Amino acid sequence: MFSPTKLLDKEEYPYVINTGDVLLTAYNEMTLQMLQYYKWQKIGMGWTEGPLLGDNANALFQVLDKQNVTVVRGTTRENAETVENDITQFLDKLESEDVRITYVSMFFGELSTLFCQVYFRGMYGHKYVWIVQTVSSIPSLVDIIIRDDRSTCTYQNVLDVLESTIGFTAHFQVNGKDTWTTVGGKVNTELKTVIEQQSGTSDIQLIRAGTYDGLWSMALAINASLHKLPRPLDTFDFFQKDMSEMMFQQFQEVRFSGILGDMIIDENGNCVRQAKLQVFRRRGHNYSMEDIAYIDLKRIVHWLKPPEEVWSQKAW
């Protein structure tokens, strides 16, 4: 069976543009730099298997393994009957090996199960760090857990567990407050409406919005290359290497401002965008997300706060 991950083999497919995980790629980069920044050498890793979160998490695991970071890992499958048992076994391993820093890349259903178990096991507080990658944002996760009929956690339980949890999001949020102007002359909230109309849902996940931006940047690049191509575009096929190279080069020259802000396509065909690293802060009966770092289009992470201001009571 053909796997989409084979398309990432640049020797066999040198002109493939990867739009599907434009944010996850940035999140991985930030995770690696965060581990180096805090000098963490032993972590747990749990993820949902599959072509999106799973492949991305596995790519991060391979890098950490080469860097001699000790990783205690566990996997599950989305909506599988074994999810609760898989997560129980994963948490058992974390406890037995005294792992206090854990990265999880899961969908909301699995995260709901995970964090309820974390609460009842007491695996949270000032001696634990949870790093969460998912298809949207941590505030959305709070709502999902509360609405989950299977959840045995209360709203206050969720706030207790998520305090100081690290999450990722796009540098420019998809919400009504944004007025980032795109190359089409629209603000990103107007483009968000276009996605809603085309997808038939108002639940615009950051991953979906990132893919939408990537496809628009490719369309702009192809349009910009038309006058340079040696033959009409309607005669193009995948065996014409010269035209492929010209369009691929043009992809790298386009800087697109879309729903989630600025993005570029790098020399490897990966969509690169800015992303933020945030920490969950409980505010009494409410909560907020506090920015602690961001990654720019050159993949440089800029730290906004020193470690002692992020977790003043941590005791690893």
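On a predicted model such as this, the values are computed, not experimentally measured, just so you know.

## Points about the environment of arginine 283
Position of arginine 283 relative to the elements: it lies in strand S9 (residues 275-283). Beyond its immediate stretch of four places on either side in the chain, arginine 283 contacts Ser288 and Glu290.

## What about the sheet that holds strand S7 (residues 261-265)?
A sheet is described by the order of its strands in space; here 3 strands give the open sequence S6-S7-S8, paired in antiparallel fashion. Only two strands of the sheet have a single neighbouring strand rather than two, namely strand S6 (255-258) and strand S8 (271-273). Taking each pair of neighbouring strands and ignoring which way they run, the sheet shows an average axis angle of 35 degrees. In the sheet, S7 pairs with S8 via 3 bridges, with the strands oriented antiparallel. Looking at the pairing, methionine 263 lines up with arginine 273 of S8.

## Describing the packing of aromatic side chains
What the rule picks out here adds up to 10 aromatic pairs. On the basis of an interplanar angle of 90 degrees and a centroid distance of 5.1 Å, the ring pair of tyrosine 37 and tyrosine 38 is categorised as edge-to-face. Ring geometry for phenylalanine 115 against tryptophan 130: centres 5.8 Å apart, planes inclined by 75 degrees, an arrangement best described as edge-to-face. Taken together, the residues span a long stretch of sequence, with phenylalanine 115 in helix H4 (residues 108-121) and tryptophan 130 in strand S4 (residues 129-133) at a distance of 15 residues. Just as phenylalanine 115 is buried, tryptophan 130 falls in that class too.

## As for the pairing of strand S10 (residues 286-295)
In this sheet, S10 lies alongside S9 in antiparallel orientation, the contact comprising 9 bridges. Paired with valine 279 across the strands is glutamate 290, a residue of S10. Counted between consecutive antiparallel strands, the loop separating S9 from S10 contains 2 residues, among which glycine 284 sits at a positive phi close to 70 degrees. Hairpin geometry of S10 and strand S11 (residues 301-303) is characterised by an intervening segment of 5 residues between the two adjacent antiparallel strands and by a positive phi of about 65 degrees at arginine 299.

## Brief notes about the state of the cysteines
According to the stated counting rule, one finds 1 disulfide in the structure shown. Shown here is the disulfide that connects cysteine 116 with cysteine 153, its sulfur atoms set 2.1 Å apart. Placement of cysteine 116 in helix H4 and of cysteine 153 in the loop between helix H5 (138-147) and helix H6 (155-162) is noted, with a sequence separation of 37 residues between them. The burial state of cysteine 116 is the same as that of cysteine 153; both residues are buried.

## Points about the packing of H5 against H6
Two elements in contact, H5 and H6, have axes whose closest approach is 10 Å; the angle formed by their N-to-C orientations is 145 degrees. Relative to H6, H5 is oriented so that their crossing is right-handed. Facing H5, whose interface residues are Ile138, Leu141, Val142, Ile145 and Ile146, H6 presents Tyr155, Val158 and Leu162. Tallied by class, residues from the contact of H5 with H6 come to 8 nonpolar, no polar and no charged.

## Topic: the pattern of salt bridges
For the structure on display, the rule yields 9 salt bridges. Between aspartate 92 and arginine 121 there is a salt bridge, with the nearest N and O atoms lying 2.8 Å from each other. Taken together, the residues aspartate 92 in helix H3 (residues 83-96) and arginine 121 in helix H4 connect sequence positions 29 residues apart. Its salt-bridge partner being arginine 281, residue glutamate 290 comes within 3.5 Å of it at the nearest N-O pair. Both residues of the pair, glutamate 290 and arginine 281, count as buried. Here the salt bridges do not stand alone but share partners, grouping Asp92, Glu95 and Arg121 into one network.

Calculation rules
- Residues numbered from 1 in each chain as written.
- Predicted model: local features only at pLDDT ≥ 70, side-chain atom pairs only at ≥ 80, totals over all residues.
- Heavy atoms only, no water.
- Helix = DSSP H or I, 4+ residues; strand = E, 2+ residues; numbered from the N terminus.
- Contact = heavy atoms within 4.5 Å.
- Pairing = 2+ DSSP bridges.
- Axes fitted to C-alpha atoms, helices over the stretch in contact; angles between N-to-C directions.
- Phe/Tyr/Trp six-rings, centres within 6.5 Å; stacked < 30°, edge-to-face > 60°.
- Buried < 20%, exposed > 50% of the residue type's maximum accessible area, 1.4 Å probe, protein only.
- Disulfide = S-S within 2.5 Å.
- Left-handed = near helix turned anticlockwise from the far one by under 90°.
- Nonpolar A, V, L, I, M, F, W, Y, C, P; charged D, E, K, R; others polar.
- Salt bridge = Lys/Arg side-chain N within 4 Å of Asp/Glu carboxyl O.

It is worth stressing that arrangement in space is one thing and function is another; only the former is reported here.
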